[in-house]
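Examining the three-dimensional arrangement
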Amino acid sequence: MKKTNVLLLAGLLAAANQAGATISASTSGPSELFLVVYDSTSKKTYYKDLGITATDFVAGAATSCVDGNIAGDANFASFLSSATTVFNVAAFNPYVKANDNDWGYMLTSATDGTIFPTASSLVDQTTQNVQGYAVELNGTNIGNPSANLSGVYDSTGDPLAGYLGGAWGAQINLSVKGSTEGSKTLNPGFFFVSGKSNTATKLGTFSLASGVLSFTSASGAGTTKICNYTPTPTPTPTPIPTPVPAADVKVTAPSTGKVGKAVSVSFTKSAAYANEKVVARINQRSLGLKAAKVTSFTFRPTLKDIGTDTISVCTQKTLKCGTAKITISK
């Protein structure tokens, strides 16, 4: 695949840049993912080497993680509190003729995959823009990609490494047809655009909330673990108990009684039946009709009541009943 002079220009510019991100960005293998955040109020650009290559990110090995916990990064402090930030995430996988690899780039999208032109020549153009910008962010500090550094550029100190310096921006140097930006309220999709198959495949979604860059997979591919980060567990809400409706009639009686000895029975009625008289029974033997205002009564068990019996109290008209068990002995 023929390369243009973009990378050569970026390499020459790197010598003039301050120490940078140490993003792995060679032409012989996949780059690391990197995060770029722009604050339109301060005109400053934050960058972060995310410490995982494009191919390792897609593979999603159990030991892989994205170095996206930036809430405590001093370089990110002013961006964390700003309400005017946007961000994008990018990586690339260059064409390697020897293994005819599936080459292309990864980018966020504010909408969908249609913003990415998929003709091979146009995929190549954006791939080089991603690669060139990674080199610009690196500056002279390109010797230790495992360091996963971050930093801040401003438009006056280094315009080409700044977000709006002409090499980057929402449309990646105008090489894509829509915005690649997410924000604190917009979680952008993350796509792999292939120059081999000429497709744009959605891998998932990135979010940047409270200083944590997290990925949610939509395809089963992609690393969702964040390095050195344990999410605060969401408290399990205390279940609200289902209220137990009040009994229409509730009867209270002793568990045992003796023949000829008075047994005291009390009962309550719900408000809906407060004005009804009640009929009391032990098994089917009537204990008489009780006035509406009565809430207790006594009776004397007979020899016929020996054994375990049911005392019932029922409203006279609506036949709402309550019961209690009692064991009668001699």
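Everything quoted here is computed from the prediction, not taken from an experiment. (Residues numbered from 1 in each chain as written. Predicted model: local features only at pLDDT ≥ 70, side-chain atom pairs only at ≥ 80, totals over all residues. Heavy atoms only, no water.)

1. Here we look at unusual backbone geometry
Where the residue is not glycine, phi is negative for most of them; where a peptide bond is considered, it is trans in most cases. Even without a glycine there, the phi angle at I172 is positive, about 50 degrees. You can see I172 is positioned in the loop between β5 (150-154) and β6 (182-183). Under the relative-accessibility criterion, I172 is labelled buried at 0%. Positive phi values are uncommon outside glycine, yet S210 reaches one of about 55 degrees. (Helix = DSSP H or I, 4+ residues; strand = E, 2+ residues; numbered from the N terminus. Buried < 20%, exposed > 50% of the residue type's maximum accessible area, 1.4 Å probe, protein only.)

2. Here's the deal with the sheet that holds strand β16 (residues 307-315)
Pairing is mixed in the open sheet, where five strands are placed in the order β11-β17-β16-β13-β14. Because the sheet does not close on itself, it has two edges, and the strands there are β11 (256-258) and β14 (285-290). For this sheet, the mean inter-axis angle between neighbouring strands, taken without regard to orientation, is 25 degrees. Here three bridges tie β11 to strand β17 (residues 321-329), and the two strands are oriented parallel to one another. Residue pairing across strands places K258 opposite S329, the latter belonging to β17. (Pairing = 2+ DSSP bridges. Axes fitted to C-alpha atoms, helices over the stretch in contact; angles between N-to-C directions.)

3. Details of the packing of aromatic side chains
Within the structure shown, the criterion is met by 17 aromatic pairs. Between the aromatic rings of Y38 and Y163, the centroid separation amounts to 5.1 Å while the plane-to-plane angle is 10 degrees, which identifies the pairing as stacked. With Y38 in strand β1 (residues 32-39) and Y163 in the loop between β5 and β6, the pair connects residues that are 125 residues apart, well separated along the chain. By the burial criterion, Y38 is buried, and Y163 matches it. Between Y133 and W168, the ring centres sit 4.4 Å apart and the planes meet at 10 degrees, which makes this aromatic pair stacked. Of this pair, Y133 sits in helix α4 (residues 120-138) while W168 sits in the loop between β5 and β6, and the two are 35 residues apart along the sequence. Among the residues examined, W168 registers a relative accessible area of 4% and is labelled buried. The ring of F297 carries K290 above its face, with NZ or CZ at 4.8 Å from the centroid. (Phe/Tyr/Trp six-rings, centres within 6.5 Å; stacked < 30°, edge-to-face > 60°. Lys NZ or Arg CZ within 6 Å of the ring centre and 35° of its normal.)

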